[in-house]
Amino acid sequence: SALGLSSIEVFSPDQWQEHSPAPGAIDTLWSNPPIRIGKPALHELLRTWLDRLAPEGEAWLVVSKSLGAESLLRWLNTEHGGAFYATREARDKGFWILRVTRQAD
């Protein structure tokens, strides 16, 4: 609000269930996903969030290479029957910036 932006909603993990947007409602998602919760929980969390991306929506994830950025990138490109496409857009100081979009039909 300090920047005059009105179309942004921010949720903490414990608020997510209460305010979870409908599928197709998120245009842009920025996250430093909680990698240390373990792969099964992380994958479930990402499935939930990615399913809510709008058709032209994007998710931007910041992930440490030492905590599995490379394997997460592979998983993102094979999950959901190929519904999503992930790329490494940048890397710096051991962190990768991953961009996730829906595959074009």
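Residue positions within a chain follow its written sequence, with the count starting from 1. The predicted nature of this model means local features are confined to residues of pLDDT at least 70 and side-chain atom pairs, given and counted, to a pLDDT of 80 or more, with totals for whole chains, interfaces and linings taken over all residues. Excluding hydrogens and water, the side-chain values take into account all heavy atoms of the structure.

1. Some thoughts on the sheet that holds strand β4 (residues 95–102)
Cut-off, in case you're wondering: Pairing between strands is defined by DSSP: at least two bridges between them are needed. What counts as a helix is a DSSP run of H or I of at least four residues, what counts as a strand is a run of E of at least two, and both are numbered from the N terminus. A fitted line through C-alpha atoms serves as each axis, taken over the contacting stretch for helices, and the angle formed by two N-to-C directions is quoted from 0 to 180°. By the convention used here, residues are in contact when the closest approach between their heavy atoms is within 4.5 Å.
Here four strands make up an open sheet; going across it, the order is β1-β2-β4-β3 and the pairing mixed. The open sheet has two free edges, formed respectively by β1 (26–31) and β3 (84–92), since each of these has just one partner strand. Shown here is a sheet whose adjacent strand axes are inclined to one another by a mean of 15°, direction ignored. Bridge analysis of β3 against β4 gives eight bridges, and the strand direction is antiparallel. Residue pairing across strands places R88 opposite L98, the latter belonging to β4. Strand contacts of helix α2 (residues 39–50): β1, β2 (53–64), β3 and β4, with the helix running at about 150° to β2, the strand carrying the most contacts.

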